[in-house]
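Coordinate analysis (summary)
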Amino acid sequence: MYFRTKSDVFARAVNASSRSIPQRSTMEILSYVLIDAADGKVSITGTNLELGVTITFPATIDRPGKAAVPAKALSEFVSTFPSGQHSISCMTGVDGAMSVQSDGLQRFNAKFKTADAGIYPIVATVAAERSIAIKASEFRTALDQTAFCAAKDDNRPTLSGVNIRTSLDDPPLRGLYFGASDGYRLGRRSIHANVSDMDIDIIVNARHLSEISRMISDKTGDVVIAVSERGNQMSVTFGDDEYRVLFITRLMDGTFPDLSRIIPTTFATKLKASKQDLLYAMKASAVFAKSAMNVVKMSIAAEENANDLPLESAVTFTAKGDSGSNEIRIGGSVEGGDVFVSFDTDLFSEIIGSMKTNDVVVCVNGATSPLLIRGDGDDFATHVLMPMSGHP
């Protein structure tokens, strides 16, 4: 194998494909990335058997071939490349090692041991017959607003994934729904998509989707999602001929709960407040709440009280802990009656931080009822947070 390419493209591809490499594995080959040079293109693949990442980019290929190279060492080495674009060459010799060389002012000639490329796991492709094209920005927003709501442990496997399903209803709901819940909160986002008559209802590992989201930039065009006929794999493809990304993830078994049955539809009180004000209130409250199960109490006064508290300062957050207590008042408009509710500062902050609007609407029914949270004017995203009952 012998090919020449740009150092920045090669480094970016190595780092991206290495994100799927497991930290520990009983199979040594999984600690390697597979480099395949053929037909004017180079593909670099990493996999942990559950998630596979393949990056493809053009190169000048003098001798096609394959090489399996230790991912950690190669990733650490490319991070030392000089900034900017430089020409590098990669080749395998008779000793089986792969050399990475530069002809620039800062010359290097690194040699990496290789493994048998023939035993590297095959990252299967997913046929494009069942595929959906989505705007990359909408896809990333859907992932960013739902994946963090999935369970972080494997004790509840189904809830550690994100449910992606098609909706064949009339516009504006025709498209894809993304939903996740860890039992304490849930996030749901709908996006427009030309789903034709495809009936998809799958569960995707939330950690895998988070990795995909990190690689989607503002310059990314459309994202193409495809689901295998057997319903056990999903691919996500984006990029162009200069740099193309392919994710293949194994789908999770099980039946995802119907989140629509958990989302409240009527409310006693509705608060609209600034996203930044709410984040500040949570950050300051967390200083004291972290020693008391992260509990903060939100009190909403719908009318001026005996102390002539003005309506625009009618929202109060109270936190108490081992180091003391704190009370914060922020501005907000209120519809409905007086109400208070306690909840986890960290969970609330994550939900508010995922909002794409300047103002946030929080709907409350009482101290023991779940909160519904939405971006002001955003009808496509819904979050629900369970209260911390027994914490007045």
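Below you will find a few notes about this structure.

Definitions and limits used
Residues numbered from 1 in each chain as written. Predicted model: local features only at pLDDT ≥ 70, side-chain atom pairs only at ≥ 80, totals over all residues. Heavy atoms only, no water. Helix = DSSP H or I, 4+ residues; strand = E, 2+ residues; numbered from the N terminus. Buried < 20%, exposed > 50% of the residue type's maximum accessible area, 1.4 Å probe, protein only. Polar contact = N/O pair within 3.5 Å; in protein donor to acceptor, adjacent residues only side chain to side chain. Contact = heavy atoms within 4.5 Å. Pairing = 2+ DSSP bridges. Expected span 1.5 Å × (residues − 1). Axes fitted to C-alpha atoms, helices over the stretch in contact; angles between N-to-C directions. Parallel < 35°, antiparallel > 145°, perpendicular 65-115°, else oblique. Left-handed = near helix turned anticlockwise from the far one by under 90°. Nonpolar A, V, L, I, M, F, W, Y, C, P; charged D, E, K, R; others polar.

**A word on the side chain of Thr-47**
- Within the secondary structure, Thr-47 is located in strand S3 (residues 41-47).
- Overall, the relative accessible area of 4% leaves Thr-47 in the buried class.
- A polar contact is formed between the side chain of Thr-47 and the backbone oxygen of Leu-51, at a distance of 3.2 Å.
- For Thr-47, the contacting residues outside a window of four places in its chain are Ser-20, Ile-21, Pro-22, Leu-30, Gly-52, Tyr-120, Pro-121 and Val-123.

**Focus on the environment of Ser-285**
- Along the polypeptide, Ser-285 turns up in helix H5 (residues 275-289).
- Judged by its relative accessible area of 0%, Ser-285 falls in the buried class.
- Put simply, Ser-285 and Thr-345 are 60 residues apart on the chain and 7.5 Å apart in space, counted from C-alpha to C-alpha.
- Excluding residues within four positions of it along the chain, Ser-285 makes contact with Val-296, Phe-317, Ala-319, Asn-326, Ile-328 and Thr-345.

**Looking at the pairing of strand S23 (residues 339-344)**
- A large share of S23 lies buried, amounting to five of its six residues.
- Taken together, the six bridges between strand S19 (residues 295-300) and S23 define a ladder with antiparallel strand orientation. Paired with Lys-297 across the two strands is Ser-342, which belongs to S23.

**Focus: H5**
- The end-to-end C-alpha distance of H5 is 20 Å, a good match for the 21 Å that 15 residues give at a rise of 1.5 Å each.
- Burial in H5 covers these residues: Lys-275, Leu-278, Ala-281, Met-282, Ala-284, Ser-285, Ala-286, Phe-288 and Ala-289.
- Where H5 begins, one side-chain oxygen reaches toward the backbone nitrogen of Gln-276, 3.3 Å away; that side chain belongs to Ser-274.

**A word on the packing of H5 against helix H6 (residues 345-353)**
- The N-to-C vectors of H5 and H6 enclose an angle of 160°; their axes lie 10 Å apart at closest approach. Looking at the two axes, H5 sits roughly antiparallel to H6. Crossing of H5 over H6 shows left-handed handedness. In this structure, H5 uses Lys-275, Leu-278, Leu-279, Met-282, Ser-285, Ala-286 and Ala-289 to contact H6, whose residues at the interface are Thr-345, Phe-348, Ser-349, Ile-352 and Gly-353.
- Within the contact of H5 with H6, the residues separate by chemical class into seven nonpolar, four polar and one charged.

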